[in-house]
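For reference, the chains in residue letters:
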Amino acid sequence: QVRLVESGGGSVQAGDSLRLSCEVSGRTLENHAMGWLREAPGREREFVAMFLWRSGITYYEEFAKGRFTISRDTAKNAVFLQMSSLKPEDSAAYYCVVMLLDSSGKPHDIEDWGRGTLVMVSP
């Protein structure tokens, strides 16, 4: 059974920091990426950051650059998202995902989802 378990969400004030964690079990990540997407009411789902497991390349959406940092623990098949200088617009449900790479080595298909962890940033 594939299992993704997220943690670290919470309710904070603007300018505060949070560190999200995700551990995956029941599968390998040889040709995959792990990372985070987020979803807020009334907004389209958007990617936040991804970690390409084999190459070590990371990707950030523009809004996350300079404020969010993604890292990993390969021994535990875990990925983390350190979020700083949080803004009210960062409020969302954050989901850990595993994505299969396409033939060019880029994340393509979402294969596994976590249940999500809620981040709420008050002004």
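For the structure, see preceding data.
Keep in mind that this is a model prediction, so the values were computed, not measured. (Residues numbered from 1 in each chain as written. Predicted model: local features only at pLDDT ≥ 70, side-chain atom pairs only at ≥ 80, totals over all residues. Heavy atoms only, no water.)

Once that is clear, we can look at the state of the cysteines. In total, this model carries one disulfide according to the counting rule given. Disulfide partner of cysteine 22: cysteine 96, at an S-S distance of 2.1 Å. Across the disulfide from cysteine 22 to cysteine 96, rotation about the S-S bond amounts to roughly -85°, and the bridge is consequently left-handed. Taken as a pair, cysteine 22 in strand 3 (residues 18-25) and cysteine 96 in strand 9 (residues 92-101) lie far apart in primary sequence, 74 residues in all. Each member of the pair, cysteine 22 as well as cysteine 96, is classed as buried. (Disulfide = S-S within 2.5 Å. Helix = DSSP H or I, 4+ residues; strand = E, 2+ residues; numbered from the N terminus. Buried < 20%, exposed > 50% of the residue type's maximum accessible area, 1.4 Å probe, protein only.)

So, on to the packing of aromatic side chains. Per the stated rule, a full pass over the model turns up three aromatic pairs. Between phenylalanine 63 and phenylalanine 68, the aromatic rings sit 6.4 Å apart at their centres with planes inclined by 90°, giving edge-to-face as the arrangement. Given the relative accessible area of 25%, phenylalanine 63 is considered partly exposed. Geometry around phenylalanine 80 places arginine 19 over its ring, the cationic atom sitting 4.2 Å from the centre. The ring of tryptophan 53 carries the charged tip of arginine 72 above its face, separated from the ring centre by 5.2 Å. (Phe/Tyr/Trp six-rings, centres within 6.5 Å; stacked < 30°, edge-to-face > 60°. Lys NZ or Arg CZ within 6 Å of the ring centre and 35° of its normal.)

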